[in-house]
Amino acid sequence: MKTLDDLKALREKLKEDIRVRKNDGIKIIIGMGTCGIAAGAREIMSTILDEIATRNLQNVQVQQTGCIGMCEQEVLVDVIRPGEDRITYGKVDVNDAKRIVAEHVVNGRIVEDKVIGKIKQD
Amino acid sequence: MQHIRAHVLVCGGTGCKSSGSEKVEAAFRSEIEKMNLQNEIMVVETGCHGFCEHGPLVIVYPEGTFYCSVKEDDVKEIVEEHLFKGRIVDRLLYREPLTQEKVPTYSEIGFYKKQERIVLENCGVINPEAIEEYVALGGYEGLAKALTEMTPEGVVEEVKKSGLRGRGGGGFPTGMKWQFAAGSVNDKKYVICNADEGDPGAFMDRSVLEGDPHKVLEGMAICAYAIGADEGYIYVRAEYPLAIQRLEVAIKQAEEMGFLGNNIFGSGFNLTLHIKEGAGAFVCGEETALMASIEGKRGMPRPRPPFPAVSGLWGKPTNINNVETFANVANIIVKGADWYCGYGTEKSKGTKVFALTGKINNTGLAEVPMGITMKEIIYDIGGGINDGKKFKAVQIGGPSGGCLPEHLLDLPVDYDSLISAGAMMGSGGLVVMDEDTCMVDVAKFFLNFTQSESCGKCTPCREGTKRMLEILTRITEGLGREGDIELLESLAKNIKETALCGLGQTAPNPVLSTLKHFRNEYEAHIMEKRCPAGVCDKLANYVITDACKGCGLCAKGCPVNAISGTVKEKHIIDETICIKCGACMTACPFKAIVKA
C-alpha cells in the first residue's frame, strides 16, 4: 500500500462485500408466501443467488416478500431497476430465473413473455 | 458459491452483551445453519448502536429492519419468518414511546432522526474486528491523504481551521494543541490517546473504541504525522476489556495492512502504537497524572507549565487528546475544515456525543450537532422522562459539571453557553433527574465521588472536598446548621482557585450549581429538617395510612418500639422515638406505610 490510489482501489473491491447494508441498486424480490414456497420459490431464490455469484454481479439486492394475492401465478419474481418500472414475472421456473438475471438484471431487457404486471415507480 | 443476500447485524457492545447478545448471535448462527441458509446470509457482530435501552439490538439488511430486545428464543422466529420467508416479525419492532407507533427501520426511529453521526458513523454499521469493512467505508483515506498530499503544517492548519475543540472536557482548541507540540524541537515526540473515561454515566469513548477502533487509530496517526511523533500510547481503563481486545485486534490488522509501522504509504513516516491499561483511578484522566502512570509512577498530577507539548511523556514533547477528539480527525482531513464548520455554532464546531442516562426513556448514546437545545436532546431524542414523571434537572459534565434546571432547557448546548450557565460540556455524560430526586443528595453523590478519587497531593482538594462532604452529609441527616450554605460556598471558592489540577478545581461545581438553582432545597433540609423529594432517609417522616389492617407486623419489625396500636385497628408511629430506619415500611404487607 503505497499511494492514495492503492487504497481507493482496495476500497472499491471491499465495498461490494458490505453493499447489502446500503439500500440501493437493482432489487430482485421473490414471493415467499406459503403459496410461493409451495410452488418452489426456495429453489428459484437459490438459483438467482447462484447466478448473481457466478456472474459476479455487483449492486444487486435480493429480497423476499409475502403473498400478494396472485397465488395462481407463483413463483412471482419482481425486478426493479433504479428509475424504471417494477416488473412482475409470473410462473417463474429455474430456467426463467436464469433468463431474468441474464436479460433483465444484466442487460436491462425485459423478459416480455413472462411479464404479468408493471407498476410505475415514482 | 452463492451471493450473500442478507446481513444480520447483532450488536456486540458492552450494553448489549450484558443483556445477552452473545447468546442471540450464537442462536442466529445455529438457526441459519438449520435452515441451510449459511451460504446466503452473513451474521456480523458490530459495535454499539447507542440505543442501549432496547438491547440486544439486531438489524437485518438489505431491508434495514430494526429489532429490539431480541431474546435467544426470538431468533428461531426471525430466521424462519424474516430471513426465510421475508415476513417482518412485527412484535419485535421498536415502538415510539409517545405514540406507540411501530417503526420498521433504523433511519425512521425518533432517537436517530435528530442525530448527526460523524464520530459514530460506523458504530453499529461495521464489524469492528474487520479492517476490511472500515476500509470499504472510506477508512484510512484521511491518513493516506495527509501523508501523500499534505505537509505536517498543512494538517495542523486544517485542524485549526475546522475549529475542533477537545472533547474530553476542557474544550481546548485541538489545532492549537497540535501546533504547540509540532513547534517543540526534539528528536523524539509522543502522541497519546486519553481513553481513561471515568465520569459517572459517560460511556461514549468506550463505545467508539468498541465499535470503530480504527477511526481512533487513524486520528492518532494523522496527529503523529502533524506533530512529528513516531510512537504513541492509548491509555485505556482495564475495566474496558472489550475495548482493549478490539484495539489489540485493530492495531495488529493496521500493521499488517501497512497503516501503522514503518514507511507508511511510502512517505518515510513511521508510527508504533502501544496500549497501556490503566487501573481505573479517576485522576489518571488528567493529562500529567496519565503520563506519570504510563511512566510507571504513581498517577498524580504535577503543576503546569511545562505543558506536555514542551515536556510530556519521559520529558519529551507530547500531544494528548481524548478518544472522541481523535475520532473526528480523519473526516476533517478527508472532507475538509469547511465541511466540518458546517455543523455547530460559531465557537463550537461539529458534533458532540452525549451519553443519556438516568430517568429517561431512551438510555443510550446520541451524537448531535453543537448548538441543539437540551430540550431536543432530552425529549425528541431521549423520548422524555420515565413513567410520565416531571423533569427536575439534568446533570451535565459529570463530577466536574453542574445541573441545569427546567428553565434553562432551551439553552443551546455548546462549550460557552454551558459554562455561562454554571455547568460544562465535560465528556458529555447526561444524567436526567425527575421530581423524585433530592438535589442535595445528588451534590453529595458527586462530591463523594471526587472526594474518594482525590489523589491527595494538594491540600485544597484532599482536605477541602472532605470538609464539604462532611457538611453535605450532616445536612442530609437533618443536622444542618445555619451558616452551612455560606461555609460551603466559601470552601468551594477556595478549592476552585487553589487546587492543583482539573479534578480539584472543578470538584465543587456540582455543589455550586445545585446551590444556584435549588437553594430552596438546601434551606428546607437545614431550616425545616425536611427533604422535599422524600429521598433523605434521616429526614423522612413515616406515616401509617388508612390502608392499615392492624396486623401488627410493623410494630414487631420496629427496632425501637415506636409503633403502637391494637390488633385490627390502625397503628400509629411516635415520631419522637422513630429513628427513620424504614423497617416498618418493608414489614407492612399492605403498603400502608408511606414516607411523607
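All figures in this text were calculated on a predicted structure; none of them were measured in a lab.

A. Representation of the overall build of chain A within the structure. Secondary structure assignment for chain A yields four helices and five strands. Scanning chain A from its N terminus toward the C terminus, one meets helices and strands in the order α-β-α-α-β-β-β-α-β. Summarising its shape, the C-alpha atoms of chain A cover approximately 60 × 30 × 20 Å along the three principal directions. Here chain A holds 122 residues, and the buried ones make up 47% of them.

B. Just the domain arrangement of chain B, in detail. Splitting chain B by domain gives domain 1 (6–110), domain 2 (131–341), domain 3 (351–434), domain 4 (439–527) and domain 5 (540–595). Look at where the C-alpha atoms of domain 4 of chain B and domain 5 of chain B centre, and you get two points 35 Å apart.

C. Here's a closer look at the packing of aromatic side chains. Residue and element names in this part refer to chain B. Enumeration over the complete set of coordinates arrives at 17 aromatic pairs over all chains. Seen from their ring centres, Phe 51 and Tyr 94 are 5.1 Å apart, and the 65 degrees between their planes marks the pair as edge-to-face. Of this pair, Phe 51 sits in the loop between β2 (41–46) and β3 (58–61) while Tyr 94 sits in strand β5 (residues 94–95), and the two are 43 residues apart along the sequence. For the pair formed by Phe 51 and Tyr 94, the shared burial category is buried.

D. Structural context of the interface of chain B and chain A. Taken together, the contacts link 43 residues of chain B with 33 residues of chain A. Taken together, the two surfaces of chain B and chain A that pack against each other cover about 3,200 Å², and 60% of this comes from carbon and sulfur. Between chain B and chain A we count three salt bridges in total. In this structure, Arg 21 of chain A engages Glu 133 of chain B in a salt bridge whose closest nitrogen and oxygen atoms are separated by 3.0 Å. Where chain B touches chain A, the interface holds 10 residue pairs in polar contact (both at pLDDT 80 or more). Of all the elements in the fold, those that place two or more residues in the side of chain B that touches chain A are β1 (6–11), β2, α3 (75–84), α5 (131–136) and α6 (141–149) of chain B. Considering every element that reaches the side of chain B that touches chain A, the biggest residue donor is α6 of chain B, with five residues. Residue composition of the side of chain B that touches chain A, grouped by class: 21 nonpolar, 12 polar and 10 charged.

E. Broad picture of unusual backbone geometry. Here the residue pair Glu 74 of chain A and Val 75 of chain A is connected by a cis peptide bond, since its omega of 5 degrees sits within 30 degrees of zero. Inspection of the secondary structure assignment puts Val 75 of chain A in the loop between β2 (60–65) and β3 (77–80). The omega torsion of the bond from Arg 304 of chain B to Pro 305 of chain B falls at 0 degrees, within 30 degrees of zero and hence cis. You can see Pro 305 of chain B is positioned in the loop between α12 (287–294) and β11 (318–322). One non-glycine residue, Ser 69 of chain B, adopts positive backbone phi at about 45 degrees. In the Ramachandran plot, Asp 387 of chain B falls in the positive-phi region, its phi being about 50 degrees despite a non-glycine side chain. Relative to the assigned elements, Asp 387 of chain B resides in the loop between α15 (374–381) and β14 (391–396).

About the thresholds
- Residues numbered from 1 in each chain as written.
- Chains lettered and ligands numbered in written order.
- Predicted model: local features only at pLDDT ≥ 70, side-chain atom pairs only at ≥ 80, totals over all residues.
- Heavy atoms only, no water.
- Helix = DSSP H or I, 4+ residues; strand = E, 2+ residues; numbered from the N terminus.
- Buried < 20%, exposed > 50% of the residue type's maximum accessible area, 1.4 Å probe, protein only.
- Domains from an automatic or database assignment.
- Phe/Tyr/Trp six-rings, centres within 6.5 Å; stacked < 30°, edge-to-face > 60°.
- Contact = heavy atoms within 4.5 Å.
- Buried area = accessible area lost by both parts, 1.4 Å probe.
- Salt bridge = Lys/Arg side-chain N within 4 Å of Asp/Glu carboxyl O.
- Polar contact = N/O pair within 3.5 Å; in protein donor to acceptor, adjacent residues only side chain to side chain.
- Nonpolar A, V, L, I, M, F, W, Y, C, P; charged D, E, K, R; others polar.

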